[in-house]
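# Descriptive analysis of the structure
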Amino acid sequence: MSDTPTCPTSPAAERNKHAILAALQDLLPTSGRLLEIAAGTGQHAVFCAAGLPGWQWQPSDPDPAALLAIAAWAAAHPSPGLLHALQINVLVEPWPARLGHAGANWDALYCANMLHIAPWACCAALMCGAAGLLTEQGQLILYGPYRVQGEPTSPGNQAFDVDLQARNPAWGLRWLHDIVEQAAGVGLHLSERRAMPANNQILVFRRRAGAA
Ligand SMILES: C[S@@+](CC[C@H](N)C(=O)[O-])C[C@H]1O[C@@H](n2cnc3c(N)ncnc32)[C@H](O)[C@@H]1O
C-alpha cells in the first residue's frame with residue numbers, strides 16, 4: 001500500500017481482505033471478542049478491526065518479525081478495537097494465560113492461510129485451543145485453499161501444493177475431511193463452508209450441541 005511504505009506487505013492479503021471482511025461481517029454478530037491466529041503482516045487485523053467496529057480484535061503470531069509488522073500496520077491504521085499483538089505458537093502450550101483467564105470467553109477465533117504452511121500437528125493444536133477458548137456460541141473461522149473429496153482442485157492450487165511440499169515436505173494443502181476429523185475430536189463441527197475468490201474457502205466450525 002502506498003500510504004504505508006514501512007509496513008511489510010503481503011500482496012495476497014491486500015487482494016483478499018475485502019472478501020474476507022465481507023464474509024466476517026455476515027458471519028459474526030455486531031460485537032464480541034476475536035482472537036486471530038497466524039496474523040502474519042497484520043493486514044487482515046487492521047482492515048477487519050476497522051470494518052467490525054463492535055469487536056475487539058486480538059492478533060497473534062509466533063514470528064517476532066510478524067509481531068513487528070502487525071505493530072507497524074496498527075500504528076499506521078489505528079482502530080479502537082485492535083489490541084496489541086500476542087506471541088502465540090499453536091504448538092506451544094499453554095497459550096498465553098490471559099487469553100483464558102475468564103474461561104472459554106472468545107466469541108470467535110480466526111485463522112487464515114496457516115494450515116497449509118505449517119506442520120499438520122498445527123491443525124489439532126488449533127482445534128484444541130479453539131475448543132478451550134470459544135464461548136458456547138463461538139465460531140472458529142478458517143480461510144485458505146483446501147482440497148475437498150469429490151471436487152476438482154484448481155490447477156493453481158495443485159501447483160501451489162507442489163510448490164509448498166518442495167519448500168517443506170511437512171507443508172501442503174489440507175483435505176477438508178481431515179480438518180473436519182480433527183475438529184470432531186474436540187467437539188467442533190463444520191457448520192458452514194463458503195467459496196471465496198481465487199479458489200479459497202471459508203470454513204466455520206462451532207461446538208456440537210452438548211459438547212461444551
Ligand atoms: C502465509 S502466512 C498467513 C498470514 C495471514 N494470516 C494472511 O493470511 O495473510 C502464515 C502464518 O502462519 C504463521 N504460523 C506458522 N506456524 C505457526 C504456528 N505453529 N502457530 C501459529 N502461527 C503459525 C506464520 O508465522 C505466518 O505468519
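Note that the structure is predicted; figures quoted are calculated from it, not measured.

For the rest of this paragraph, the subject is the overall build of the protein chain. Along the backbone of the protein chain there are six helices and eight strands. Reading the protein chain from its N end, one meets helices and strands in the order α-β-α-β-α-β-α-β-β-α-β-α-β-β. Computed over C-alpha atoms, the radius of gyration of the protein chain comes to 16 Å, within 12% of the 17 Å expected from 2.2 N^0.38 for 212 residues, which places it in the range of a compact globule. Taking the principal axes of its C-alpha atoms as reference, the protein chain extends roughly 45 × 40 × 30 Å. A buried classification covers 35% of the 212 residues belonging to the protein chain.

A few words now on the site of the ligand. In the vicinity of the ligand lie 20 residues, with Ala38, Gly40, Ala112, Asn113 and Ala118 positioned nearest. Each residue belonging to the shell around the ligand can be placed in one class, and the counts come to 13 nonpolar, five polar and two charged.

Tracing the sequence through the fold places Leu28 in the loop between helix H1 (11–27) and strand E1 (32–37). Through-space distance from the C-alpha of Leu28 to that of Ile141 is 10.0 Å; in sequence the pair is 113 residues apart. With sequence-adjacent residues up to four places away left out, Leu28 is seen in contact with Leu52 and Ala108.

Here we take up the pairing of strand E2 (residues 55–59). In terms of residue burial, E2 counts as a mostly covered element, since four of its five residues are buried. By the bridge criterion, five bridges tie E1 to E2 in an arrangement that is parallel. Within the sheet, the bridge partner assigned to Leu34 lies in E2 and is Trp57. Handedness of the crossover joining E1 and E2 through helix H2 (residues 43–51): right-handed.

Where H2 is concerned, the buried positions are Gln43, His44, Ala45, Val46, Cys48 and Ala49. Each element contacted by the buried residues of H2 is listed here: H1, E1, E2, helix H3 (64–76) and strand E3 (106–112).

The subject of this paragraph is the nonpolar core. The tendency in soluble globular proteins is for nonpolar side chains to be buried side by side. Residues Leu109 and Ala130 are the most contacted members of the largest nonpolar core, which totals 52 residues. In terms of residue count, the dominant contributor to this core is helix H4 (residues 121–133) (seven residues). When sequence neighbours within four positions are dropped, the list of residues in contact with Ala130 reads Leu109, Leu140 and Leu188.

With that out of the way, let us pick up the environment of Leu190. With respect to the helices and strands, Leu190 occurs in strand E7 (residues 188–196). The spacing of Leu190 and Val180 is ten residues in sequence and 6.5 Å in space, taken between C-alpha atoms. Not counting chain neighbours up to four residues away, the residues in contact with Leu190 comprise Val180, Ala183, Leu203 and Phe205.

What follows is about the packing of H1 against H2. Where H1 contacts H2, the axes come no closer than 10 Å and their chain directions differ by 40°. In this structure, the crossing between H1 and H2 has a hand that is right-handed. Contacts between H1 and H2 involve Ala13, Glu14, Lys17, Ile20, Leu21, Leu24 and Gln25 on the former and, on the latter, Gln43, His44, Phe47, Cys48 and Gly51. For the contact of H1 with H2, a count of residues per class yields six nonpolar, four polar and two charged.

Definitions and limits used
Residues numbered from 1 in each chain as written. Predicted model: local features only at pLDDT ≥ 70, side-chain atom pairs only at ≥ 80, totals over all residues. Helix = DSSP H or I, 4+ residues; strand = E, 2+ residues; numbered from the N terminus. Rg over C-alpha atoms; globule rule 2.2 N^0.38 Å. Buried ≥ 20, exposed ≤ 12 C-beta atoms within 10 Å, placed from the backbone. Near = placed C-beta within 6 Å. Nonpolar A, V, L, I, M, F, W, Y, C, P; charged D, E, K, R; others polar. Contact = placed C-beta atoms within 7 Å. Pairing = 2+ DSSP bridges. Right-handed = clockwise from strand over helix to strand, strands pointing away. Core = buried A, V, L, I, M, F, W, Y, C linked by C-beta atoms within 7 Å. Axes fitted to C-alpha atoms, helices over the stretch in contact; angles between N-to-C directions. Left-handed = near helix turned anticlockwise from the far one by under 90°.

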